Amino acid sequence: MTFSAKLWNVSFPWVVYNSSGPRCTTLDELKALWNSESSAILMKSCSPLPRDGNPEPRYKEVELGSINSIGLANHGYKKYLEYAAELKSEFPDKPISVSIVGFCPEDFIELVEAFQNDENVDILEINLSCPNVVWKPQIAYDFEASDELLSKIFAVPGSKPIGFKLPPYFDPVHTEMMANILKKYPVNFITCINSVGNTLIIDPETESPLIAPKWWLGWLGGDYVKPVALANVRMFYKLLGESVTIIGCGGIKSGVDVFEHLLAWASLVQLGTVLWKEDVACFERINKEFEEYMSMKWYTSLNQVIWKLKEL
Ligand code: RRO
């Protein structure tokens, strides 16, 4: 049995799709996602102008996950408008989501307007947790700036679902501060979490760090971050209730990991590190594992899981 999901008015054939980051920058990569069992196509975070990103090496895999400092390498939002048109004409059935980043509120407004007015884009994910841009703090760690930005974004006319990619919060006081801001606006969804920064991995054999940019500090994904992601999903559900859909992201590499994110109260999930490692074949494997795990537990509906974390 397959399990489909909904994000407001947008239907998803499965609960699993890609996160913005791995293998979603070029048109060929986006087409490969379209031809896979990814439930939607989420594009790499885009900025007003194209960017080369940080110097190499800027991404490395390790046993427990990955570290990156890509630096927002992307083709600029105008290219992603063209890609959305081409993808929609060839493959009309899957939702297309963009991921938006700016360097000032006006950038965000320009991109939100452009994508709200585009007939091919279905969902707007706004990345408030873009790391790796040299010495700019993440917006989502600046509560005043976040509030001001959200007020401007929601003043832009448009009917497409808007959500926010959030960084991990490590102190419940901070989670609550962000939840109180989100509650002031008609936020459709949040994606929890972006990678965990600023981390250093050292290779003892070469006696070097793994990546070059920004004093070798990078952003962690994979097994390392799953408990952090689950905690953020759960805490935001407790604070926001059912009015905001939560998309779980962090450390998902098996069907059981999907199940755990849904128990924590995610309604959809995104894959990051596992997609870098295995390429798009991971979607079919993980969808199958999830379906098998659900049947082993005799569950026939997602509501039997999403609502059912047994609290102690
Ligand atoms: O491009 C990146 O370095 C990057 C981004 Br925009 C992001 O949102 N998360 C991440 O881990 N890397």
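To keep things clear, this report deals only with the structure shown in the data block. As the structure is a prediction and not an experimental result, all values here were calculated from the model.

### Observations regarding the overall build of the protein
Then comes step 1: Along the protein, the regular secondary structure elements total 10 helices and 16 strands.
Then comes step 2: At 18 Å, the protein has a C-alpha radius of gyration in line with the 20 Å of a compact globule built from 312 residues.
Then comes step 3: Taken over 312 residues, the protein has a buried fraction of 58%.
Then comes step 4: Considering only contacts in the protein between residues 6 or more positions apart, those separated by 24 or more positions represent 72%.
Then comes step 5: If you sum the accessible surface of the protein, you get close to 13,600 Å²; carbon and sulfur atoms cover 55% of it.
Then comes step 6: In the protein, 28 positive and 39 negative side-chain charges are present, and the distance between their average locations comes to 3 Å.

### Quick word on the state of the cysteines
Then comes step 1: Summed over the entire model, instances satisfying the criterion amount to 0 disulfides.
Then comes step 2: Here cysteine 130 is not cross-linked by a disulfide; its sulfur's nearest cysteine counterpart is in cysteine 46, at 11 Å.
Then comes step 3: Cysteine 192 carries a free sulfur, and the closest cysteine sulfur to it, the one in cysteine 249, is 9.4 Å from it.
Then comes step 4: You can call cysteine 192 buried: its relative accessible area is 1%.

### A closer look at the sheet that holds strand E6 (residues 65–68)
Backbone hydrogen bonds hold the strands of a sheet together, and the pairing may be parallel or antiparallel.
Then comes step 1: Pairing is antiparallel across the open sheet formed by 4 strands, whose spatial order is E5-E6-E14-E11. The strands lining the two open edges of the sheet, one partner per strand, are strand E5 (59–62) and strand E11 (196–199). Across the sheet, the axes of successive neighbouring strands diverge by a mean angle of 30°, strand direction being ignored.
Then comes step 2: Here E5 runs beside E6; their pairing, made up of 4 bridges, is antiparallel. When the bridges of E6 are listed, glutamate 61 appears paired with serine 66.

### Some details on helix H5 (residues 172–182)
Then comes step 1: By the burial criterion, the buried members of H5 are Thr175, Met178, Ala179, Ile181 and Leu182. Looking straight down H5, one finds its buried side chains confined to an arc of 160°; they lie on one side.
Then comes step 2: Taken together, the buried residues of H5 touch helix H4 (143–153), strand E9 (162–166), strand E10 (189–192) and helix H6 (226–240).
Then comes step 3: Two or three places before valine 173, at the start of H5, stands the capping residue aspartate 171, its side-chain oxygen 2.9 Å from that residue's backbone nitrogen.

### Brief notes about H6
Then comes step 1: A rise of 1.5 Å per residue sets the reference length of H6, with its 15 residues, at 21 Å; its end C-alpha atoms lie 21 Å apart and thus fit the reference within 8%.
Then comes step 2: Every buried residue of H6 is accounted for by Lys226, Ala229, Leu230, Asn232, Val233, Arg234, Phe236, Tyr237 and Leu240.
Then comes step 3: On its buried face, H6 is in contact with E9, H5, E10, strand E15 (245–249) and helix H7 (255–264).
Then comes step 4: Within two residues after H6, glycine 241 carries a phi angle of roughly 70°, on the positive side.

### Section: the side chain of asparagine 287
Then comes step 1: Residue placement: asparagine 287 occurs in helix H9 (residues 281–296).
Then comes step 2: The buried category is assigned to asparagine 287, whose relative accessible area is 2%.
Then comes step 3: Residue contacts for asparagine 287: discarding those within four places in its chain leaves Trp14, Val16 and Glu37.

### Some words on the pairing of strand E14 (residues 218–221)
Then comes step 1: In terms of strand pairing, E6 meets E14 through 3 bridges, oriented antiparallel. Each residue of the ladder has a partner; that of isoleucine 67, found in E14, is leucine 220.

### Thoughts on a nonpolar patch on the surface
Then comes step 1: Taken together, the side chains of Leu200, Ile202 and Trp216 make up a nonpolar region of the molecular surface, amounting to roughly 330 Å² of accessible area.
Then comes step 2: Examined against the element boundaries, leucine 200 turns out to sit in the loop between E11 and strand E12 (202–203).

### Section: the environment of glutamine 304
Then comes step 1: Its place among the elements puts glutamine 304 in helix H10 (residues 303–306).
Then comes step 2: Residues glutamine 304 and leucine 263, spaced 41 residues apart in sequence, show a C-alpha to C-alpha distance of 9.2 Å.
Then comes step 3: Not counting residues within four places of it along the chain, the set of residues in contact with glutamine 304 comprises Trp298 and Tyr299.
Then comes step 4: Among the polar contacts made by the side chain of glutamine 304, one reaches the main-chain amide nitrogen of threonine 300 at a distance of 2.6 Å.
Then comes step 5: A distance of 2.8 Å separates the side chain of glutamine 304 from the backbone nitrogen of serine 301, its partner in a polar contact.

### Here we look at the pairing of E15
Then comes step 1: In terms of burial, E15 is largely enclosed, as 5 of its 5 residues are buried.
Then comes step 2: Alternating positions in E15 separate into two faces, Thr245, Ile247 and Cys249 on one and Ile246 and Gly248 on the other, with burial throughout.
Then comes step 3: The parallel pair E15 and strand E16 (residues 268–271) is bridged by H7, and the resulting crossover is right-handed.

### A few points about the packing of aromatic side chains
Then comes step 1: Within this structure, the stated rule accounts for 14 aromatic pairs.
Then comes step 2: When the centroid spacing of 5.7 Å and the interplanar angle of 75° are considered together, the rings of tyrosine 141 and tyrosine 169 count as edge-to-face. With tyrosine 141 in the loop between strand E8 (123–127) and H4 and tyrosine 169 in the loop between E9 and H5, this pair connects stretches of sequence that are 28 residues apart.
Then comes step 3: With relative accessibility at 40%, the residue tyrosine 141 sits in the partly exposed group.
Then comes step 4: Through successive ring pairs, a cluster of aromatic residues spans Tyr141, Phe143, Tyr169 and Phe236.

So, how was this worked out
- Residues numbered from 1 in each chain as written.
- Predicted model: local features only at pLDDT ≥ 70, side-chain atom pairs only at ≥ 80, totals over all residues.
- Heavy atoms only, no water.
- Helix = DSSP H or I, 4+ residues; strand = E, 2+ residues; numbered from the N terminus.
- Rg over C-alpha atoms; globule rule 2.2 N^0.38 Å.
- Buried < 20%, exposed > 50% of the residue type's maximum accessible area, 1.4 Å probe, protein only.
- Contact = heavy atoms within 4.5 Å.
- Areas by Shrake-Rupley, 256 points an atom, 1.4 Å probe, with all protein chains shown as cover.
- Lys, Arg positive; Asp, Glu negative; His and termini not counted.
- Charge placed at Lys NZ, Arg CZ, Asp CG, Glu CD.
- Disulfide = S-S within 2.5 Å.
- Pairing = 2+ DSSP bridges.
- Axes fitted to C-alpha atoms, helices over the stretch in contact; angles between N-to-C directions.
- Arc of directions from axis to C-beta.
- Polar contact = N/O pair within 3.5 Å; in protein donor to acceptor, adjacent residues only side chain to side chain.
- Expected span 1.5 Å × (residues − 1).
- Patch = residues over 30% accessible without salt bridge, like charges linked within 9 Å, V, L, I, M, F, W, Y side chains within 5 Å.
- Salt bridge = Lys/Arg side-chain N within 4 Å of Asp/Glu carboxyl O.
- Right-handed = clockwise from strand over helix to strand, strands pointing away.
- Phe/Tyr/Trp six-rings, centres within 6.5 Å; stacked < 30°, edge-to-face > 60°.

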